[in-house]
Structures are given as structure tokens and as C-alpha cells.
Amino acid sequence: MKAGAIQIRKEDVTQDIRMLAELMNLSITDAVAVAVKKQLAEEQAKKADRIEEKRRKSREIMERLWALPVVGPKLSDADLYDEDGLPKSICD
């Protein structure tokens, strides 16, 4: 990631940054750093929550699949692949 100066051209944003810095009694740079770190932590937590929710749903699906009855004999590699390791045709 390239480090360096950031220029903000939106006047309303620069005014908000200056007000925040003044209210927090911080420099503009420190006020931006605090605000960005807070927002970054929130976004990282949201992302972690979304990932955990997907994992939870996946576990639920797998548990439902594992609960299904086994019908017929279990298939082995020999049932699925030929002597060259290629999938056997379903028409055989």
C-alpha cells in the first residue's frame, strides 16, 4: 500500500474534520486517525460477523445432510473412477 499525503477536496468533509478535531481537542491528523481506526474496527467486526454467519449456515446445511438416511451401499473410488483415475460414465 502506498503511503503518502491525502488531499481532501470536498469542503464539507474538511469542515467536518476540523470540527471533529476541535471537539476532540486533537490535531486534524489525530482526529482523522481516531475516526478511521474506529470505523475500520467496526467494518472488520461486521465482516467477521458475516463470515461467521456463513459458517453457521454451512454447518446447519451439513448437519441436515448428515442426518439423512443412507440409502444403498456406500460408493468406493472403484465405483466412481476407472483404472486411469478418470470419472466413470454415469451411463455404464
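First, a word on scope: everything that follows refers to the structure included in this document. Quantities reported herein were computed from a predicted structural model and do not represent experimental measurements.

### What about the overall build of the chain?
A tally of helices and strands in the chain yields three helices and zero strands. Secondary structure elements of the chain occur, N-terminal to C-terminal, as α-α-α. A globule of 92 residues ought to have a C-alpha radius of gyration of about 12 Å, yet the chain, at 28 Å, is considerably larger. By principal-axis analysis of the C-alpha atoms, the chain measures approximately 75 × 30 × 20 Å. Per-residue burial for the chain yields a buried fraction of 3% across its 92 residues. Summed over its atoms, the accessible surface of the chain is roughly 9,000 Å², and 58% of this surface lies on carbon and sulfur atoms. Separation of charge centres in the chain, based on 17 positive and 18 negative side chains, amounts to 6 Å.

Cut-offs applied
Residues numbered from 1 in each chain as written. Predicted model: local features only at pLDDT ≥ 70, side-chain atom pairs only at ≥ 80, totals over all residues. Heavy atoms only, no water. Helix = DSSP H or I, 4+ residues; strand = E, 2+ residues; numbered from the N terminus. Rg over C-alpha atoms; globule rule 2.2 N^0.38 Å. Buried < 20%, exposed > 50% of the residue type's maximum accessible area, 1.4 Å probe, protein only. Areas by Shrake-Rupley, 256 points an atom, 1.4 Å probe, with all protein chains shown as cover. Lys, Arg positive; Asp, Glu negative; His and termini not counted. Charge placed at Lys NZ, Arg CZ, Asp CG, Glu CD.

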